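Examination of the molecular architecture
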Amino acid sequence: QSDLAAHELRVHTIANLANELDGLNYVNSDPVQDRYAAIYENWQQLVTLSQERQAALDAAEAAQQRLDELCLQYGKEAPPFSNYLDVTKEKLTETYIADTPADVAELRAALAEVTAEMPAHQQEFDSLNEIQQQIGDNVNPYSPHIFATLSAQWAELQTLVASRGEQLDAEAANQDGREALRVSFAEQANAA
């Protein structure tokens, strides 16, 4: 920009000299005016190109800054979500022992708690998905969490929730059968 300002001063100096020669009725003032017109036209093209270049640089800088902000936002949101996925997966794959219907009820309550949290975490997942779509294929220097991995873990978690529900339904039926057998045995023992 400072170079352009210095050169602009020179172009104006040339214009003043050309006008002065014309004012003095210099014999060759027409070729001088033609030469000045060519210089001025080239100068205008140079100024236009410089302004376009500056606008392109400003746009590229803004786009890069937006990308950096998105990467940072993803880097802040992905770790807690990844931790949630890991902890919840561990809870859902943990081997359980149920000896009574009350044990099954406790396990169902824990599953209901996980299920109740799912909509809030679905919003987190959707937010990460939106950010990732905006980031595109660019490398994210702020996060080691790859969205494709998080997406696969999220799908697996949803499958695990459904599977744990089916397991608990089967265990509840099993415990109900055991409880009926225990009550029947207790009634027979008390009768004898």
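Cut-offs used in this document
- Residues numbered from 1 in each chain as written.
- Predicted model: local features only at pLDDT ≥ 70, side-chain atom pairs only at ≥ 80, totals over all residues.
- Heavy atoms only, no water.
- Salt bridge = Lys/Arg side-chain N within 4 Å of Asp/Glu carboxyl O.
- Helix = DSSP H or I, 4+ residues; strand = E, 2+ residues; numbered from the N terminus.
- Buried < 20%, exposed > 50% of the residue type's maximum accessible area, 1.4 Å probe, protein only.
- Expected span 1.5 Å × (residues − 1).
- Contact = heavy atoms within 4.5 Å.

It is worth spelling out the pattern of salt bridges at this point. Applying the stated criterion across every chain, the model contains three salt bridges. Note that Arg108 and Asp169 form a salt bridge whose closest N and O atoms lie 2.8 Å from each other. Here the residue Arg108 occupies a position in helix 3 (residues 101-135), and Asp169 occupies one in helix 4 (residues 147-191), the gap between them amounting to 61 residues. You can call Arg108 partly exposed: its relative accessible area is 36%.

For the rest of this paragraph, the subject is helix 4. Over its 45 residues, helix 4 extends 65 Å from the first C-alpha to the last, a length consistent with the 66 Å expected when each residue adds 1.5 Å. Looking at helix 4, one finds that the buried residues are Phe147, Leu150, Trp154, Leu157, Leu160, Val161, Arg164, Gly165, Leu168, Glu171, Ala172 and Gln175.

Tracing the chain through its elements places Ser82 in helix 2 (residues 29-93). Setting aside its immediate chain neighbours within four residues, Ser82 contacts His145, Leu150 and Gln153.

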